[in-house]
Amino acid sequence: MKAIVVTDQAAGTAGMTLAERPEPQAALNDVVVEVHASGFTPGELTWPSTWTDRFGRDRTPSIPGQELAGVVTALGYGTTGLSVGQRVFGLADGHRGGTLAEYVAIEARNLAPLPADVDFTVGASLAMPGLTAWQGLFEHGRLQAGQSVLVHGAAGAVGAVVTQLAREAGAYVIGTGRTADRKTALDFGAREFVDLENDALEDVGGVNLVFDVIGGDIGNRSAGVIHAGGTLVSIAGPPEVRPADGLAIDFVVVPDRAQLGELVQRVRDGRLRTNIGNVSTLDDAVAAFNPTERITGKTIISVRP
């Protein structure tokens, strides 16, 4: 099968190559999925799990990618809950990855049914951003109706979903980003927009929750715009500054079938849109992950156009 392969951590996305690899086999509680669309987060190439297994042993050449949508083609021994021929989407385990390929073996529990009226491209674009937004807002941020949320990177793949879910939950959403991101952030439902290139972040009134995808100086300064007792939730590394009398939480997204079901139902109802910035083929994936210009939104690889 064709697959995107990496062997050199220092090379980043420039070290990706298209290669032939053996088709995977379904182990205990696994399924094999014929991948129709796949997503990729460049940060994967900095994660130890991309390069080594859980025992620290080298696992290169490895196939990155955690996000996928496709069709089940085989069941491993003991696998229940899914069937051959079923449309599915979900998130692979970080120590296995493998979705940037024509086939992937994945734990059945990490997948959810993908309804026939939801495109594979949309399914692949929903898994990582959707679960990240859901878990950050509701599990870690404990968002409540009537609260205010500052969403960094509101025009990005994750930020756009965070904005929509927070609005649906009854929160007042303030988005941030670059000057060029204003219209996109407002289109996805932000009530206000803070231009991080020209506006002072500190001028934002006190909010209950900050959802940070940027980290660094922006993450540290964000703690100062949170009400006492509020929460800073980050996917950009452990926050260095804690809100007064509040919480600072860094988390890593995990697969969850029930949450995937909640998210895809919102897509079907028209309550949720994913932010797809570019769609490319597997043959052109290496170039797509090394763009010559900035792309806002999720890059999706259409493995079977």
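This structure is a prediction, so every number in the text was calculated from the model and none was measured.

Caption draft 1: The arrangement of the overall build of the protein in detail. In terms of regular secondary structure, the protein is built from 7 helices and 15 strands. Relative to a compact globule of 305 residues, whose C-alpha radius of gyration would be 19 Å, the protein shows 19 Å and is just as compact. Counting only C-alpha atoms and orienting by the principal axes, one finds that the protein spans roughly 55 × 40 × 35 Å. For the protein, buried positions account for 51% of its 305 residues. Summarising the internal contacts of the protein: among those between residues at least 6 apart in sequence, 63% fall at separations of at least 24. Charged side chains in the protein number 24 positive and 35 negative. The centres of these two groups are separated by 4 Å.

Caption draft 2: Quick peek at the environment of Pro-239. Its place among the elements puts Pro-239 in the loop between strand E12 (226-234) and strand E13 (247-250). A residue is classified by how much of its surface remains accessible, and Pro-239, at 25% relative accessible area, is partly exposed. Considered as a pair, Pro-239 and Asp-212 are 27 residues apart in the sequence and their alpha carbons are 9.3 Å apart.

Caption draft 3: Highlighting the side chain of Ser-62. Assignment of secondary structure puts Ser-62 in the loop between helix H1 (48-51) and strand E4 (67-75). Side-chain polar atoms of Ser-62 contact the backbone oxygen of Thr-50, separated by 2.9 Å. Setting aside residues no more than four positions away along its own chain, Ser-62 makes contact with Ile-4, Val-5, Val-6 and Thr-50.

Caption draft 4: The packing of helix H2 (residues 120-140) against helix H3 (residues 157-168), seen in detail. At a closest axis distance of 8 Å, the pairing of H2 and H3 adopts a crossing angle of 50°. Taken together, the axis directions place H2 and H3 in an arrangement best described as oblique. Where H2 crosses over H3, the two elements pack in a sense that is right-handed. Contact residues: Pro-129, Gly-130, Thr-132, Ala-133, Trp-134, Leu-137 and Phe-138 in H2; Ala-157, Val-158, Val-161, Val-162, Leu-165 and Ala-166 in H3. The class makeup of the residues in the contact of H2 with H3 is 11 nonpolar, 2 polar and no charged.

Caption draft 5: Here's a closer look at unusual backbone geometry. The step from Thr-60 to Pro-61 runs through a cis peptide bond, and the omega angle for that step is 0°. The phi torsion at Asn-29 lies on the positive side, around 65°, for a residue other than glycine. Mapped onto the elements of the fold, Asn-29 is located in the loop between strand E2 (17-20) and strand E3 (30-39). Within the chain, Arg-142 stands out as a residue other than glycine whose phi angle is a positive 50°. Tracing the backbone shows Arg-142 in the loop between H2 and strand E8 (148-151). Overall, the relative accessible area of 61% leaves Arg-142 in the exposed class.

Caption draft 6: Summary view of the pattern of salt bridges. This model, assessed by the stated rule, comprises 16 salt bridges. The residue Lys-183 makes a salt bridge to Asp-187 at a minimum N-O spacing of 2.8 Å. Of this pair, Lys-183 and Asp-187 are both found in helix H4 (residues 182-187), 4 residues apart, which corresponds to roughly one turn of the helix. Among the residues examined, Lys-183 registers a relative accessible area of 60% and is labelled exposed. What makes Asp-187 partly exposed here is its relative accessible area of 46%. Taken together, the shared-partner salt bridges connect Glu-168, Glu-262, Arg-266, Asp-269 and Arg-271 into one network.

Caption draft 7: Just the side chain of Gln-164, in detail. Relative to the assigned elements, Gln-164 resides in helix H3. Residues contacting Gln-164, with those up to four places away along its chain left out, are Phe-188, Arg-271, Leu-272 and Arg-273.

Caption draft 8: Quick look at the packing of aromatic side chains. Under the criterion given, the structure shown has 2 aromatic pairs. With centroids separated by 4.6 Å and ring planes inclined at 50°, the aromatic side chains of Phe-40 and Phe-289 adopt a geometry described as tilted. With Phe-40 in the loop between E3 and H1 and Phe-289 in the loop between helix H7 (285-288) and strand E15 (298-302), the pair connects residues that are 249 residues apart, well separated along the chain. Of the two residues examined, Phe-40 and Phe-289, each falls in the buried class. Seen from their ring centres, Trp-134 and Phe-138 are 5.0 Å apart, and the 75° between their planes marks the pair as edge-to-face. Here the residue Trp-134 and the residue Phe-138 both occupy positions in helix H2, the gap between them amounting to 4 residues, near one helical turn. The ring of Phe-120 has Arg-87 lying over it, and the distance from NZ or CZ to the ring centre is 4.1 Å. A cation over a ring is seen here: Arg-304 above Tyr-103, with NZ or CZ 5.0 Å from the ring centre.

Here is what the cut-offs are and how they apply
Residues numbered from 1 in each chain as written. Predicted model: local features only at pLDDT ≥ 70, side-chain atom pairs only at ≥ 80, totals over all residues. Heavy atoms only, no water. Helix = DSSP H or I, 4+ residues; strand = E, 2+ residues; numbered from the N terminus. Rg over C-alpha atoms; globule rule 2.2 N^0.38 Å. Buried < 20%, exposed > 50% of the residue type's maximum accessible area, 1.4 Å probe, protein only. Contact = heavy atoms within 4.5 Å. Lys, Arg positive; Asp, Glu negative; His and termini not counted. Charge placed at Lys NZ, Arg CZ, Asp CG, Glu CD. Polar contact = N/O pair within 3.5 Å; in protein donor to acceptor, adjacent residues only side chain to side chain. Axes fitted to C-alpha atoms, helices over the stretch in contact; angles between N-to-C directions. Parallel < 35°, antiparallel > 145°, perpendicular 65-115°, else oblique. Left-handed = near helix turned anticlockwise from the far one by under 90°. Nonpolar A, V, L, I, M, F, W, Y, C, P; charged D, E, K, R; others polar. Salt bridge = Lys/Arg side-chain N within 4 Å of Asp/Glu carboxyl O. Phe/Tyr/Trp six-rings, centres within 6.5 Å; stacked < 30°, edge-to-face > 60°. Lys NZ or Arg CZ within 6 Å of the ring centre and 35° of its normal.

Honestly, that's just the spatial picture; any functional story needs more than this.
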